[in-house]
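Breakdown of the fold
Residue-level listing of the chains:
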Amino acid sequence: MTIIFKQAPLKQFKDTFIKHFRSLTAAYGLVIIMHLIAYLATGEQFAIIEFLNTFAHLLWLPAFVILPLCFVLKEWRIGLMLIPAVIAFLLIWGDMLVPNNPPQASDEDTQFRVATYNMLAFNRVNFDYIEILRDVDADLVALQELDFLQARMLTDNLSDLYPYMAFHAGGPAGQGIMSKYPILEDDYWQYDFLNAKLGHQRVVIELADGQEVVIYNAHPTHPGIQGPLFTTEYRTREIVDLLNRTSQETLPTILMGDFNTPDFSSDYMRLTNQFNDAYRIAGDGLGWTFPRIAGLPSAFIRIDYIFLDDNIQAQDAGLWRDFSGSDHNLLYADLFIEVQN
C-alpha cells in the first residue's frame, strides 16, 4: 500500500502533463500549419501574415525542442504537425547555420570596411559609441537616427579618424556618413507620403586608389508607425523607390542601413533580387541586430543589412555586440572590388 501511495501522484502528474502537452503542442502545430498555408496561398496580402512573418523564426524555433520530446513521449501524430516548422526554418535560414566560404581579395584588389549603425536618437545612456566606432575602425560608416548631440560628439571625438563627415542630424530622421576618404557628393531626402518621416542619404566616396563607390544610407519606415495596423505598404514604397534609384547607378553601389525589414518578407526578397546580402555571404550565424537590450546576450530580429551590387564582394561580415545604449547592434563587412586588368 505504501508503494501504491507514492506512485499514484507520480502517475497522475505524468498523465496530466501528457494531456496538457498533447493539447498545447497540437494547438501550436495547428497555428504553424495555418500560417504556412495562408502565406503560401496569399503571400503577404494580410497584416496578420506580415506580422507572423516578422517573428516566424521565433515561432518556429521551439519546434526543434518540442519535436524530439514528442518522439520520446511517443506522440507521433502530434510530432508530425511540427515537421513543417522545422523544414520551413531550415529552408529559409539553414544556409546561415553552416560555415560559409566567401571569396577572398587579392593584394591588387581595392579593399575596405563598411559599417552601419542605428544610433538610437536621443540616446543618453552613455557615449560608448565613440569607443565602439574606434574599435570597429571601418573606412565608411553609415549612421541612422543621428541627433544633434550625437553629431557634435562624433565631430569632436572622431574627426581624426574620419576627416570627412556628411551629417543630416535630426532625431529619428537623422542620417550621417563618416569616411576616411573624400565625400564627392551628398544628398538627403525624405518621402512625403509618410506620416512619420525617416531619412535617406546618398553619397559618392573616392577610395584610396581613386575608385569611386556609391553609398545609400537607408532607413525605411517601421510597419507599425504609419497607420492603425501593422502594414508594410509604406515601407515597400520606400524600398521600391530605393531600388529604382540604385538601378540607375553606374558606379559600384552599396545599399545599407536599418531597413525595418526581416529576412523573411517580400521586401527582403525585392532587395536580394537586385543586391547581395553581405552578411548572408560572409557572416557567421543568424545575424540578429535588433532589439539590443542591456543585460541580454542577443537581439532576436535581423533588420540591419549591407547590400552589395555585383561589382563588390564580401569576404567577412559580423556584428559588434558591445552595448552603447542603442537598440541595434552595429553591423560591419569587409569588402573588395576586383581590379580589372
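Before going into details, it helps to say that this report is about the structure given with it.

Mapped onto the fold, Gly285 is located in the loop between helix 11 (278-282) and strand 10 (304-308). Along the backbone, Gly285 and Asp334 are 49 residues apart, and their C-alpha atoms lie at a distance of 16 Å. Beyond its immediate stretch of four places on either side in the chain, Gly285 contacts Met96 and Tyr279.

Per the stated rule, a full pass over the model turns up 19 aromatic pairs. For the ring pair Tyr39 and Phe264, a centre distance of 5.0 Å and an interplane angle of 65° mean the geometry is edge-to-face. Of this pair, Tyr39 sits in helix 1 (residues 2-42) while Phe264 sits in the loop between strand 8 (253-258) and helix 10 (266-274), placing them 225 residues apart in sequence. For the residue pair Tyr39 and Phe264, the accessibility class agrees, reading buried in each case. Each ring, one from Phe89 and one from Trp93, has its centre 5.0 Å from the other, and the planes form 50°; the classification is tilted. Taken together, the positions of Phe89 and Trp93, both in helix 6 (residues 83-93) and four residues apart, correspond to about one turn of that helix. Residue Phe89 is classed as buried on the basis of its relative accessible area, which comes to 3%. In this structure Trp93 comes out as buried when scored by relative accessible area, which is 3%. The residue whose ring lies beneath Arg237 is Phe193, and the NZ or CZ to ring-centre distance is 3.9 Å. Above the plane of the ring of Trp189 lies Arg245, whose end atom (NZ or CZ) is 4.0 Å from the centre.

Mapped onto the fold, Ile215 is located in strand 7 (residues 212-218). A residue is classified by how much of its surface remains accessible, and Ile215, at 1% relative accessible area, is buried. In the structure, Ile215 is positioned eleven residues away from Gln226 in sequence and 26 Å away in space, judged by C-alpha atoms. The residues contacting Ile215, other than those within four sequence positions of it, are Leu140, Ile177, Gln201, Arg202, Val203, Ile205, Ile254 and Met256.

Across the sheet, which stays open at both edges, the six strands sit in the order 5-6-7-8-10-9 with mixed pairing between neighbours. Each having just a single partner strand, strand 5 (183-189) and strand 9 (276-277) make up the two edges of the open sheet. As judged from the five bridges shared by strand 8 and strand 10, these two strands associate in the antiparallel manner. If you follow Ile254 over to strand 10, its bridge partner there is Leu308. Strands in contact with helix 10 are strand 8, strand 9 and strand 10; relative to strand 10, the strand with the most contacts, it is inclined by about 25°.

Here the focus is the pairing of strand 10. Most of strand 10 sits out of view: five of its five residues are buried. Alternating positions in strand 10 separate into two faces, Asp304, Ile306 and Leu308 on one and Tyr305 and Phe307 on the other, with burial throughout. Sheet topology places strand 9 next to strand 10; two bridges connect them, and they run antiparallel. Following the sheet pairing, Asp277 is matched in strand 10 by Phe307.

The next subject is the packing of helix 7 (residues 129-136) against helix 8 (residues 148-158). The N-to-C vectors of helix 7 and helix 8 enclose an angle of 50°; their axes lie 10 Å apart at closest approach. When the interaxial angle is binned, helix 7 and helix 8 end up oblique. Our pair here, helix 7 against helix 8, has a crossing hand that is right-handed. Contacts between helix 7 and helix 8 pair Tyr129, Ile130, Leu133 and Arg134 from the former with Gln150, Met153, Leu154, Asn157 and Leu158 from the latter. For the contact of helix 7 with helix 8, a count of residues per class yields six nonpolar, two polar and one charged.

On to the pairing of strand 3 (residues 164-168). As defined by bridge partners, strand 3 adjoins strand 4 (residues 175-179) across five bridges and the pair is classed as antiparallel. Following the sheet pairing, Ala166 is matched in strand 4 by Ile177. The antiparallel pairing of strand 3 with strand 4 creates a hairpin that spans six residues between the two strands, and Gly171 there sits at a positive phi of about 65°.

A separate point is helix 7. Looking only at helix 7, the buried set comprises Tyr129, Ile130, Ile132, Leu133 and Val136. Within helix 7, the buried residues cover an arc of 165° as seen down the axis, which keeps them to one side. Tucked inside the fold, the buried residues of helix 7 contact strand 1 (110-118), strand 2 (140-144), helix 8, strand 4, strand 11 (313-320) and strand 12 (330-337). At the C-terminal side of helix 7, Asp137 shows a positive phi close to 55°.

Following the criterion strictly, the structure yields 13 salt bridges and no others. Arg22 is the salt-bridge partner of Glu75, the closest N and O atoms lying 2.9 Å from each other. Residue Glu75 is found in the loop between helix 4 (63-72) and helix 5 (76-80), and its partner Arg22 is found in helix 1; the two are separated by 53 residues along the sequence. What makes Glu75 buried here is its relative accessible area of 11%.

A surface patch of nonpolar side chains, about 640 Å² in accessible area, is lined by Leu58, Leu61, Phe64, Val65, Leu90, Leu97, Val98 and Phe300. Inspection of the secondary structure assignment puts Val65 in helix 4. A relative accessible area of 61% places Val65 in the exposed class.

Each value, and the rule that gives it
Residues numbered from 1 in each chain as written. Predicted model: local features only at pLDDT ≥ 70, side-chain atom pairs only at ≥ 80, totals over all residues. Heavy atoms only, no water. Helix = DSSP H or I, 4+ residues; strand = E, 2+ residues; numbered from the N terminus. Contact = heavy atoms within 4.5 Å. Phe/Tyr/Trp six-rings, centres within 6.5 Å; stacked < 30°, edge-to-face > 60°. Buried < 20%, exposed > 50% of the residue type's maximum accessible area, 1.4 Å probe, protein only. Lys NZ or Arg CZ within 6 Å of the ring centre and 35° of its normal. Pairing = 2+ DSSP bridges. Axes fitted to C-alpha atoms, helices over the stretch in contact; angles between N-to-C directions. Parallel < 35°, antiparallel > 145°, perpendicular 65-115°, else oblique. Left-handed = near helix turned anticlockwise from the far one by under 90°. Nonpolar A, V, L, I, M, F, W, Y, C, P; charged D, E, K, R; others polar. Arc of directions from axis to C-beta. Salt bridge = Lys/Arg side-chain N within 4 Å of Asp/Glu carboxyl O. Patch = residues over 30% accessible without salt bridge, like charges linked within 9 Å, V, L, I, M, F, W, Y side chains within 5 Å. Areas by Shrake-Rupley, 256 points an atom, 1.4 Å probe, with all protein chains shown as cover.

Limitation: the analysis is restricted to geometry and does not speak to function.
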